[in-house]
Amino acid sequence: MSQRRDFAGFHTRTPNEARVVDYLLGGKDNFAADREAAEQAVAVAPELPMMALESRRFLGRVVRFLAGEGVRQFVDIGCGLPTQNNAHEVAQAAEPQARVVYVDFDPVVVTHARAILADDVRTSVVQADMRDPGLILGHPDLVRLIDLREPVAILLVSALQAIPEDEVALDIVTRLREAICPGSWMVISHPVSDSRPDVTEQLATMFQNEEIVKGTRRRANVRAQAEIEPYFDGLDLAPPGIVRISAWRPDGGTPAVDPETVWTVAGVGRKP
Ligand SMILES: C[S@@+](CC[C@H](N)C(=O)[O-])C[C@H]1O[C@@H](n2cnc3c(N)ncnc32)[C@H](O)[C@@H]1O
């Protein structure tokens, strides 16, 4: 695949990561350029729509699990466009008092999310770059809902692949872990190259990631599972540990799809 794609975030003629995911999920918040890019990606990896759906199912299971563990505060970083079973819907169905802060640097995501959540006093949307965890955690729209002296769950669901530099991705995770109090949780999922290295390499080349802040363009990163595991250092992993998302505590004990066909791994760790 020689064609290269640039994610710009706010141009309708340029494919946008969040809108491509929306299209893969059957949503309507996307434009022709997003649909075309998504179809090109699906031509390379026909499993992508199924994987996008599995990622949302994983998010739902994990938020329900954490609500059952007593977590009442959630920060969903790299949240993407609102779709079905968003974190606040799942959390508030389990516990009506749950508070959820969504974070994304994409103005399209932020505008949509703010419109949908305008009447929900227990949610807010912060527009910020995940490269600056201090700014996120100190943002007034987060601070009014989230008390970092109490346990919180930080969600990084299919988000860190957007950070090309390995040391920056690890630094984001480390700084977030250091900022949360004992008893807090971190949820991290990440597509991995282990089972389909050729496909993941092609997709990373197709889907460029524009770093808006620096104005430079870099490709998304493809990582192996062994590179994801250090993200959980200093955390106690909930069983079953770091596994394919479809195998993480599946509803009814049986994965909805063969976990091996879903090349995204996840772990859920608690800060001791
Ligand atoms: C693949 S989508 C995942 C969306 C959602 N978490 C899910 O699993 O369905 C990645 C999201 O991360 C956002 N993103 C990418 N780089 C980011 C950054 N540096 N800071 C904040 N958000 C970012 C994108 O705008 C996009 O919405």
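You'll find the chain entered in an unreviewed UniProt entry as SAM-dependent methyltransferase, with Actinoallomurus acaciae given as the organism.

**Quick word on the site of the ligand**
Neighbouring the ligand are 19 residues, the closest being Gly78, Asp104, Asp129, Met130 and Val157. Contact distances for the ligand include 2.8 Å between a nitrogen atom and a backbone N or O atom of glycine 78. Within the complex, the protein chains bury 95% of what would otherwise be the 600 Å² of accessible surface of the ligand. Contributing elements (two or more residues each) for the shell around the ligand: helix H1 (17–24) and helix H3 (48–68). It is H1 that provides the largest number of residues to the shell around the ligand, a total of three residues. Among the residues making up the shell around the ligand, the classes are represented as nine nonpolar, five polar and five charged.

**Some details on the packing of helix H2 (residues 32–44) against helix H9 (residues 197–206)**
Each pair of packed helices can be described by the angle between their axes along with the distance between the axes. Two elements in contact, H2 and H9, have axes separated by 10 Å at closest approach and are oriented at 165°. In terms of their interaxial angle, H2 and H9 are classed as roughly antiparallel. For the crossing formed where H2 meets H9, the hand is right-handed. Across from Gln40, Ala41 and Val44 in H2, the residues of H9 making contact are Val199, Gln202, Leu203 and Met206. Each residue belonging to the contact of H2 with H9 can be placed in one class, and the counts come to five nonpolar, two polar and no charged.

**Overview of empty space enclosed by the protein**
Where empty space is left can be seen by rolling a probe of water-molecule size over the atoms. Throughout the structure, instances matching the rule amount to two cavities of 30 Å³ or more. Its volume calculated, the second largest cavity comes out at about 100 Å³. For the second largest cavity, the full set of lining residues is Arg56, Asp76, Cys79, Gly80, Leu81, Pro82, Asn86, His88, Tyr102, Ala113, Ile116 and Leu117. Among the elements that take part in the lining of the second largest cavity, helix H5 (residues 107–117) stands out by supplying three residues, more than any other.

**Considerations on the nonpolar core**
Across soluble globular proteins, you tend to see nonpolar side chains buried next to one another. Ranked by size, the top nonpolar core spans 50 residues in total, and within it Phe58, Val63, Leu66, Phe74, Leu155, Leu203 and Val268 carry the most contacts. Among the elements that make up this core, the one with the highest residue count is H3 (nine residues). The contacts of valine 268, once residues within four sequence positions are left out, are Phe58, Val62, Phe65, Leu66, Trp185, Met186, Val187, Phe232, Asp236, Leu237, Ala238 and Trp248. Membership of the second largest hydrophobic core comes to 32 residues, among which are Ile77, Val152, Leu160 and Ile228.

**Here we look at the pairing of strand E11 (residues 264–270)**
Across the seven residues of E11, six count as buried, placing the element largely inside the fold. Bridge count for strand E6 (residues 185–191) against E11 is seven bridges, and the pairing is antiparallel. Its bridge partner being in E11, valine 187 is matched across the sheet by valine 268. The pairing of strand E9 (residues 236–237) with E11 spans two bridges and is antiparallel. Among the inter-strand pairings, aspartate 236 is bridged to a residue of E11, identified as arginine 270. Where strand E10 (residues 243–244) meets E11, two bridges bridge the pair, whose relative direction is antiparallel. Within the sheet, the bridge partner assigned to arginine 244 lies in E11 and is valine 265.

Cut-off values and rules
Residues numbered from 1 in each chain as written. Predicted model: local features only at pLDDT ≥ 70, side-chain atom pairs only at ≥ 80, totals over all residues. Heavy atoms only, no water. Near = heavy atom within 4 Å. Polar contact = N/O pair within 3.5 Å; in protein donor to acceptor, adjacent residues only side chain to side chain. Areas by Shrake-Rupley, 256 points an atom, 1.4 Å probe, with all protein chains shown as cover. Helix = DSSP H or I, 4+ residues; strand = E, 2+ residues; numbered from the N terminus. Nonpolar A, V, L, I, M, F, W, Y, C, P; charged D, E, K, R; others polar. Axes fitted to C-alpha atoms, helices over the stretch in contact; angles between N-to-C directions. Parallel < 35°, antiparallel > 145°, perpendicular 65-115°, else oblique. Left-handed = near helix turned anticlockwise from the far one by under 90°. Contact = heavy atoms within 4.5 Å. 1 Å grid on protein atoms, 1.4 Å probe; cavity = no way out; pocket = protein on both sides within 12 Å on 5 of 7 lines; lining within 4 Å. Points joined across faces, edges and corners; volume = space filled by probe spheres on them. Core = buried A, V, L, I, M, F, W, Y, C linked by side-chain atoms within 4.5 Å. Buried < 20%, exposed > 50% of the residue type's maximum accessible area, 1.4 Å probe, protein only. Pairing = 2+ DSSP bridges.

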